[in-house]
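Architecture at a glance
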Amino acid sequence: MQMVERVHEFLSEYLKPGDRAVDATAGNGWDTLKLCELVGDSGKVYAFDIQEEAIEHTRERLKEAGLDDRAELFVCSHSRAGEIVTEPIRAFTMNLGYLPGGDKSIVTRMESTISALRSLSDLLCSGGIGTILIYYGHEGGPAEKEAVEEFMASMPANWGQITRMEIVNRKNCPPILYMMEKK
């Protein structure tokens, strides 16, 4: 099973109709689509990406599925999520790295990612979940991975539980998945 499938499995366990969720890195729209399916007609998804191309892919994917009314899409950094989203959320997800099939020189950055993690972990309601899938085989990727690891380790135990899942028998920077479960 691919890590993204694991993420969708975890999100499916936590999200229910009427919930609010954030896709901090919309990419090609697969996670946004899954979140929209899970929150139902009465729920809402906020999706962010710095690339217009990614937001357009996401918009098209949602429109094809008839779920475009469940999401608000923003062409901006995920670091702005805390300014834009003002209500508690049940879940958030982010995939760090670059847009699959896109320009590999446009990547997530350590500073904006940590800012987004701070905001999103604050917005997360009790019993909520955050998933962070780190692809770090690009320039700046190892530093971003290290910053995320430091952020996770610095979270107080009374905030909730943070687990890490990784593929250990794969070479070339295998993805790492963090799951944050808020008390």
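What this report covers is the structure whose coordinates are included nearby. Because the structure is a prediction, the values reported are computed rather than measured.

Conventions adopted
Residues numbered from 1 in each chain as written. Predicted model: local features only at pLDDT ≥ 70, side-chain atom pairs only at ≥ 80, totals over all residues. Heavy atoms only, no water. Helix = DSSP H or I, 4+ residues; strand = E, 2+ residues; numbered from the N terminus. Rg over C-alpha atoms; globule rule 2.2 N^0.38 Å. Buried < 20%, exposed > 50% of the residue type's maximum accessible area, 1.4 Å probe, protein only. Axes fitted to C-alpha atoms, helices over the stretch in contact; angles between N-to-C directions. Parallel < 35°, antiparallel > 145°, perpendicular 65-115°, else oblique. Left-handed = near helix turned anticlockwise from the far one by under 90°. Contact = heavy atoms within 4.5 Å. Nonpolar A, V, L, I, M, F, W, Y, C, P; charged D, E, K, R; others polar. Phe/Tyr/Trp six-rings, centres within 6.5 Å; stacked < 30°, edge-to-face > 60°. Lys NZ or Arg CZ within 6 Å of the ring centre and 35° of its normal. Polar contact = N/O pair within 3.5 Å; in protein donor to acceptor, adjacent residues only side chain to side chain. Pairing = 2+ DSSP bridges.

What follows is about the overall build of the protein chain. Each helix and strand in the protein chain was counted, giving six helices and seven strands. Starting at the N terminus and walking to the C terminus, you meet the elements of the protein chain as α-β-α-β-α-β-α-β-α-β-α-β-β. On C-alpha atoms alone, the protein chain measures out to a radius of gyration of 15 Å, which is about the 16 Å that the 2.2 N^0.38 rule sets for 183 residues. Projected onto its principal axes, the C-alpha coordinates of the protein chain cover approximately 40 × 40 × 35 Å.

All right, on to unusual backbone geometry then. One non-glycine residue with positive phi stands out, namely Asn 172, at about 65°. Within the element layout of this structure, Asn 172 appears in the loop between β6 (160–166) and β7 (176–182). Residue Asn 172 is classed as exposed on the basis of its relative accessible area, which comes to 72%. Positioned with a positive phi, Cys 173 is a non-glycine residue whose angle comes to about 55°. If you trace the backbone, Cys 173 turns up in the loop between β6 and β7.

Helix-helix packing: each pair is described by the crossing angle between the helix axes and the interaxial distance. Relative orientation of the contacting elements helix α1 (residues 3–14) and helix α2 (residues 30–39) amounts to 20°, with a least axis distance of 10 Å. As judged from the angle between their axes, α1 and α2 are roughly parallel. Between α1 and α2 the crossing geometry is right-handed. Residues Val 4, His 8, Leu 11 and Ser 12 of α1 form the contact with α2, whose own contacting residues are Trp 30, Asp 31, Lys 34, Leu 35 and Leu 38. Across the contact of α1 with α2, the residue classes tally to five nonpolar, two polar and two charged.

What follows concerns α2. Counting buried positions over the 10 residues of α2 gives seven, a clear majority of the element. Among all positions of α2, only Asp 31, Thr 32, Leu 33, Leu 35, Cys 36, Leu 38 and Val 39 are buried. If you follow the buried residues of α2, they end up packed against α1, β1 (20–23), β2 (44–49), α3 (52–65), β3 (71–75) and β4 (89–96).

Turning to the packing of aromatic side chains, a few remarks are in order. The final tally for this structure, using the stated rule, is one aromatic pair. Both rings, one in Phe 48 and one in Phe 74, keep their centres 5.2 Å apart while their planes meet at 20°; by these two values the pair is stacked. Of this pair, Phe 48 sits in strand β2 while Phe 74 is found in strand β3, placing the two residues 26 residues apart along the sequence. One cation-aromatic arrangement involves Arg 61 over Trp 30; the distance from NZ or CZ to the ring centre is 3.6 Å. For Lys 145, the ring lying beneath its charged end belongs to Tyr 136, and the centroid distance is 5.2 Å.

As a further point, take the side chain of Asp 19. Note on placement: Asp 19 falls in the loop between α1 and β1. Reaching out from Asp 19, the side chain makes a polar contact with the backbone nitrogen of Lys 16 at a distance of 2.8 Å. Apart from residues lying up to four places away in sequence, Asp 19 is in contact with Tyr 14, Val 39, Gly 43, Lys 44 and Arg 90.

Here we take up the pairing of β1. Sheet analysis places β1 next to β2, joined by four bridges and oriented parallel. Considered in β2, the bridge of Ala 21 is made with Val 45. As judged from the three bridges shared by β1 and β4, these two strands associate in the parallel manner. Residue pairing for β4: Asp 23 is matched across the bridge by Thr 93.

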